[in-house]
Amino acid sequence: MPEKSRRPRPALPPLEPRLQQRYQQLVQEQLHVSQSVAAGLNALPGAASSFASTQAAWRFYKNPHVTLPALAQPLLAHARAALAQTGGEYGLVMHDWSYLNYEPHTRKTDRLSCRGRHTHGYELQSALLVSERAGEPLAPLYQNLHCAAGLYTTRGAEVAPATTHLDELTGRWEHLESLALGRPLVQVVDREGDSVGHYRQWEKHLFLVRAKGGQRVAWEGQSELLSAVARQLQKRLVFGREVSWHGQQARQSVGETTVVLQRAAWPRRRGQKRVRVAGPPVTLRLVVSEVRTAGGRVLARWLLLSNVPAAVAAARLALWYYWRWRIESFFKLLKRAGQQVEHWQQESGLALAKRLLVVSAALVLVWQLGRSEGPAAEELRGILVRLSGRQMKWGCAWTAPALLEGVWVLLAMLELLEHHDLSRLRELAGNFFNSHGAKSLQHV
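Thresholds applied
Residues numbered from 1 in each chain as written. Predicted model: local features only at pLDDT ≥ 70, side-chain atom pairs only at ≥ 80, totals over all residues. Heavy atoms only, no water. Axes fitted to C-alpha atoms, helices over the stretch in contact; angles between N-to-C directions. Helix = DSSP H or I, 4+ residues; strand = E, 2+ residues; numbered from the N terminus. Parallel < 35°, antiparallel > 145°, perpendicular 65-115°, else oblique. Contact = heavy atoms within 4.5 Å. Nonpolar A, V, L, I, M, F, W, Y, C, P; charged D, E, K, R; others polar. Salt bridge = Lys/Arg side-chain N within 4 Å of Asp/Glu carboxyl O. Buried < 20%, exposed > 50% of the residue type's maximum accessible area, 1.4 Å probe, protein only. Phe/Tyr/Trp six-rings, centres within 6.5 Å; stacked < 30°, edge-to-face > 60°. Lys NZ or Arg CZ within 6 Å of the ring centre and 35° of its normal. pLDDT = per-residue confidence, 0-100. Core = buried A, V, L, I, M, F, W, Y, C linked by side-chain atoms within 4.5 Å. Left-handed = near helix turned anticlockwise from the far one by under 90°.

## Brief notes about the packing of helix α9 (residues 349-371) against helix α11 (residues 400-419)
Helix packing geometry: the angle between the two helix axes and the distance between the axes.
Right, so step 1: For the pair α9 and α11, the least separation of the axes is 10 Å and the interaxial angle reads 110°. It follows from the interaxial angle that α9 and α11 lie roughly perpendicular. Across the interface between the two elements, L363, V366, L369 and G370 from α9 touch A400, L403 and L404 from α11.
Right, so step 2: In terms of residue class, the contact of α9 with α11 is made up of six nonpolar, one polar and no charged.

## Brief notes about the pattern of salt bridges
Side chains carrying opposite charge are able to pair once their charged atoms draw close together.
Right, so step 1: Inspection of the entire model under this criterion finds 16 salt bridges.
Right, so step 2: For D190, the salt bridge identified is with R324, shortest N-O distance 3.6 Å. A residue pair is termed long-range when its members are at least 10 positions apart, and D190 in the loop between β7 (185-189) and α5 (196-201) and R324 in the loop between α7 (314-322) and α8 (325-337) qualify at 134 residues.
Right, so step 3: Taking the relative accessible area as the measure of exposure, R324 reaches 8% and is therefore buried.
Right, so step 4: Where salt bridges share partners, they join D96, D190, R210, R324 and E328 into one cluster.

## Observations regarding the environment of A264
Right, so step 1: Note that A264 resides in the loop between β12 (248-261) and β13 (282-292).
Right, so step 2: We classify A264 as buried; its relative accessible area is 13%.
Right, so step 3: Setting aside residues up to four positions removed in sequence, A264 forms contacts with V196, R200, R276, V277 and A278.

## A look at the packing of aromatic side chains
Right, so step 1: Under the defined criterion, the tally for this structure stands at 11 aromatic pairs.
Right, so step 2: When the centroid spacing of 5.5 Å and the interplanar angle of 20° are considered together, the rings of Y199 and F207 count as stacked.
Right, so step 3: Judged by relative accessible area, Y199 falls into the buried class, the value being 0%.
Right, so step 4: An aromatic cluster is built from W173, Y199, W202 and F207, whose rings are joined through pairwise contacts.
Right, so step 5: We note R355 situated over the ring of W344; from NZ or CZ to the ring centre the distance is 4.0 Å.

## As for the confidence of the model for the protein
Right, so step 1: Overall, the predicted model of the protein reaches an average pLDDT of 87, with 91% of residues at or above 70.
Right, so step 2: Put simply, helix α2 (residues 50-62) is where the protein has its lowest mean pLDDT, 80, and β7 is where it has its highest, 98.
Right, so step 3: Across residues 1-5 the pLDDT falls below 50, and counting only partners more than four positions away or on other chains, this stretch makes 10 contacts in the model.

## Notes on the nonpolar core
Right, so step 1: One finds F60, L141, L145, W320 and L334 to be the most contacted residues of the largest nonpolar core, which totals 94 residues.
Right, so step 2: Considering each element in turn, this core owes the most residues, 15 residues, to α9.
Right, so step 3: Apart from residues no more than four positions distant in its own chain, F60 is found in contact with L15, L19, R22, Y23, L26, V66, L71 and V358.
Right, so step 4: Listed in part, the 26 residues of the second largest apolar core include L166, V189, A211 and A265.

## Quick word on unusual backbone geometry
Right, so step 1: Look at A180: it is not a glycine, yet its phi comes out positive at around 55°.
Right, so step 2: With a phi close to 55°, Q340 is a non-glycine residue in the positive phi region.
Right, so step 3: Its place among the elements puts Q340 in the loop between α8 and α9.
Right, so step 4: Overall, the relative accessible area of 12% leaves Q340 in the buried class.

## Regarding the packing of helix α3 (residues 68-86) against α9
Right, so step 1: The interhelical angle for the contact between α3 and α9, taken along N-to-C directions, is 20°, at an axis separation of 9 Å. Classified by the angle between their axes, α3 and α9 sit roughly parallel to one another. Two packed elements cross with a definite hand, and for α3 against α9 that hand is left-handed. Where α3 approaches α9, its residues L68, L71, A72, L75, H78, A82, Q85 and T86 are matched on the opposing element by L350, A353, K354, L357, S360, A361, V364, L365, Q368 and R371.
Right, so step 2: Looking at the contact of α3 with α9 residue by residue, the classes come out as 11 nonpolar, five polar and two charged.

Right, here's the structure in full:
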């Protein structure tokens, strides 16, 4: 029998040894690409049965000692180690929200009603740590699942009351910076974060927010629309770098100035009438970034507001925001390209939130392999892509879904070899193929 293989070992949550062992097994069983019609676990060949594996998972997610903060600890351990390995001055934290549609899942009784879509489901609120050197995803730092009861959150074991996205974001940033991850954090938010009242609350944090352009600011002694200031900057944009935009080569140019936000805020409060709230002026850096084709056609234009120190160049800030798409890729892996989260059968938001953290640990292992350097890591990635059976685009050596699928095949193969002799497997396969006239397969 071959020597027992070394499988990927995730960091462990602070649970009793029996539950830690089950956690390791669950993470390994999530290292695969799911199909919408089979979005559950894939039991490894060494498991007693698929049914036993499913029952064990159900008991794990149902166990009250398995809490969201405990399941978040391995992700934070990965984040600290990854930040130390990848270097850089800062850690970038990408924040976003994604709706999970569970309209057909009537047994999930704590779903929310999504008015705009006329469907029922949950809202996933995530914070993804990204390397500021190369934009690689490192680990999810924080997750909320908004359901009818409130927020199931990695910040605490109790259900938190629901609030607006930006009010919740303020408390989230406080929590993230209390974790002492080893680097100053820069919080990166899309246009939903463009709120003067929250800029005033966030002044003690470092942030980079995409602005909408319709607000008035003080600029060079005049009151101007932010979009008008941006048009003035477009005349003197400076080439920043070559970038890839949806598979095509493009050029990113940037410009920078300083603006002051003086207007009053009109905060939103659930169930309350909006009221005017004045506040002190906020001085921010405005960075205008344009992505154009080689022929000059505009592909994207961003107005970015930030309080990151001026020592960080505007082109660097623009690149950091360009990497915000990493969290969109994370949601894509959860929804369609990897885990088919909207087909999971857990019957409560809490159980689903726990499984999301287990899946996140599996994705962290794949990301870790993807950024590993050296010939051995490159060879392993090539093997996993071959095992996945996927065809890669020209110039693309691997993708996260391909690594996921290849890892599962490799783990299943190694597990099988721990329980069956290789020569016997060759004999059985050879007998089968020969008896069915598959001469081209006689080499097995």
